[in-house]
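Structural overview for review
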Amino acid sequence: MNLTDKDLLSIQETRDLIKKAKEAQKKLAELSQEEIDTIVKVMAKAAYDNRVKLAKMAEKETGFGRWQDKVLKNAFASRDVLNAIKDMKTIGVVNNDEKLKVMEVAVPVGVIAGLIPSTNPTSTAIYKALISVKAGNSIVFSPHPSALECIRESIRLMDEAGRKVGLPEGTLGVITQVTMQATHELMTHKDTNLILATGGSAMVRAAYSSGTPAIGVGPGNGPAFIERTADIPKAVKQIMDSKTFDNGTICASEQSIIVEEVSKKKVVDEFKRQGAYFLPKEDAEKLEKFILRPDGRMNAKIVGQTPQTIADLAKIKIPANTRVLIAEETRVGLHAPYSREKLGPILAFYTAETWEAACDLSIKILMQEGAGHTMAIHSTDDAVIQEFALRKPVSRLLVNTSATLGGIGATTNIFPALTLGCGAVGGSSTSDNIGPQNLFNMRRIAWGVRELEDLRGEDVFEEDSKDINETDMDKDQLVDLLVKRVLEKLQ
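Summary of the structure given here. (Residues numbered from 1 in each chain as written. Predicted model: local features only at pLDDT ≥ 70, side-chain atom pairs only at ≥ 80, totals over all residues. Heavy atoms only, no water.)

Section: the environment of Pro 436
Note that Pro 436 resides in the loop between helix H15 (403-407) and strand S15 (440-446). Pro 436 gets classed as buried once you look at its relative accessible area, which sits at 0%. Between the C-alpha atoms of Pro 436 and Lys 89, which are 347 residues apart in sequence, the distance is 9.4 Å. When sequence neighbours within four positions are dropped, the list of residues in contact with Pro 436 reads Ile 85, Met 88, Thr 90, Ile 131, Lys 134, Ala 135 and Phe 415. (Helix = DSSP H or I, 4+ residues; strand = E, 2+ residues; numbered from the N terminus. Buried < 20%, exposed > 50% of the residue type's maximum accessible area, 1.4 Å probe, protein only. Contact = heavy atoms within 4.5 Å.)

Things to note about the pairing of strand S11 (residues 324-328)
In terms of burial, S11 is largely enclosed, as 4 of its 5 residues are buried. Across 3 bridges, the pairing between strand S10 (residues 276-278) and S11 is parallel. Across the sheet, residue Tyr 277 finds its bridge partner in S11, namely Leu 325. As defined by bridge partners, S11 adjoins strand S12 (residues 346-352) across 4 bridges and the pair is classed as parallel. The partner of Glu 328 across the bridge, within S12, is Phe 349. (Pairing = 2+ DSSP bridges.)

As for the sheet that holds strand S5 (residues 172-174)
Strand order in this open sheet of 5 strands is S5-S4-S3-S6-S7, and the pairing throughout is parallel. Every interior strand has two partners, whereas the edge strands, S5 and strand S7 (214-217), have only one. Neighbour-to-neighbour, the strand axes of this sheet turn through a mean angle of 15°, independent of strand direction. Sheet analysis places strand S3 (residues 111-116) next to strand S6 (residues 194-198), joined by 4 bridges and oriented parallel. Considered in S6, the bridge of Ala 113 is made with Ile 195. Strand contacts of helix H6 (residues 148-163): S3, strand S4 (138-143) and S5, with the helix running at about 160° to S5, the strand carrying the most contacts. Where helix H8 (residues 201-208) meets the sheet, it contacts S3, S6 and S7, and its direction lies at approximately 165° from that of S7. (Axes fitted to C-alpha atoms, helices over the stretch in contact; angles between N-to-C directions.)

Looking at unusual backbone geometry
The backbone phi angle of Asp 246 is positive, close to 50°, even though this residue is not glycine. Within the element layout of this structure, Asp 246 appears in the loop between helix H9 (232-244) and strand S9 (256-260). One non-glycine residue, Lys 315, lies in positive phi territory at about 60°. Here Lys 315 lies in the loop between helix H12 (307-314) and S11.

Put into structure tokens, the structure is as follows:
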């Protein structure tokens with residue numbers, strides 16, 4: 001029987017890729033740490049050497065962003081990720097504690113399903129390929145259909161280079177007949193061991209409901225709070241650089257600005273000086289109609305576009321040198337477009353009376369979209385920063401830096417990644433910046449160090465608490481005393 005329907009062809013192609021990936025992974029699992037590291041290094045070099053070519057392909061195919069910035073993203077995904085993982089132990093025995101008599105062995109998860117978005121296609125493909133192979137896994141990619149060719153080329157270049165130094169054939173696979181049925185087959189196939197999903201909310205929900213273990217991250221919607229003690233020109237520069245980087249296609253980028261009333265004028269003047277355009281109310285109302293589709297999803301027409309292109313869509317006029325469009329806003333909600341994620345150079349601008357009010361407002365914004373993801377604060381007041389750190393429902397609070405580049409680990413020292421976990425509050429299985437350490441299981445080998453008789457020893461709690469009620473100590477002092485005695489007994 002010959003298959004002619006695209007959906008059937010795509011399902012069969014996916015099954016074939018998974019079969020090859022499973023066979024390849026068995027061979028990959030037999031390689032040493034040194035052999036794996038050599039393969040990963042060669043793959044990363046191939047991607048880095050072709051960073052310009054791949055960037056131009058991505059811009060041309062998707063129509064999103066700026067190829068010049070995509071070059072930096074490709075360099076980050078290859079060179080910077082390699083530097084972060086090159087010395088990481090991921091194969092065989094990774095830890096042996098002779099004192100505790102516990103040994104840990106890394107066990108690859110097997111075949112990974114890699115879902116790739118159109119906003120960061122080549123860089124995400126490069127990054128996921130490297131961290132997967134580093135952990136001893138094969139990976140089959142499901143590309144966004146509007147970025148198929150640039151993703152295929154990214155994987156082809158790395159696969160070709162890797163196979164010259166021992167990468168098993170079939171370790172890296174790409175679905176070319178891209179359909180929803182193929183992606184579903186990839187996520188639910190019995191031989192797919194883990195889904196690594198980066199993309200929209202619908203994709204992430206599908207990954208988590210597939211029945212296959214998944215690491216998925218949804219939308220960001222991070223506010224940036226410019227507190228009154230901030231270096232305002234520097235804060236504005238970092239936000240402008242961040243929001244214009246690749247025309248705002250990275251989900252960690254700032255989506256709204258919050259300022260205190262006392263410093264509003266200085267902040268507004270500085271944004272204007274650096275090329276932001278504050279939309280008049282009438283124009284802001286016109287533009288907001290283009291931010292969301294009727295069903296509440298982000299309008300793809302604004303994604304990764306320049307302010308000038310977006311203004312033309314909304315039929316409004318803006319200065320020729322405009323870098324970012326800003327609309328003053330008071331509303332927060334699913335039907336308030338400026339309070340939502342906007343993967344383009346558009347920002348909402350909120351004013352609060354105090355930092356406490358700004359704190360509450362940022363929580364409100366995050367909890368309606370983007371919970372668990374990222375936000376930024378610009379401040380020199382350590383007490384305020386501490387309060388934000390303790391209260392915000394995010395996995396990354398970035399201090400005095402670009403949210404885009406800080407969130408992925410380019411301008412901060414958190415792990416460099418293009419898949420950013422949102423934790424339980426954001427519906428994600430982890431709050432990590434995802435790396436090889438998330439893509440293997442840990443087998444623990446533990447030697448016995450106690451016998452049953454040792455476990456039936458003296459009840460230190462009962463003995464040490466005999467006269468507790470007869471003391472004049474308060475509750476906290478009693479607890480401290482008891483803990484101290486217990487620790488002394490156990491030493």
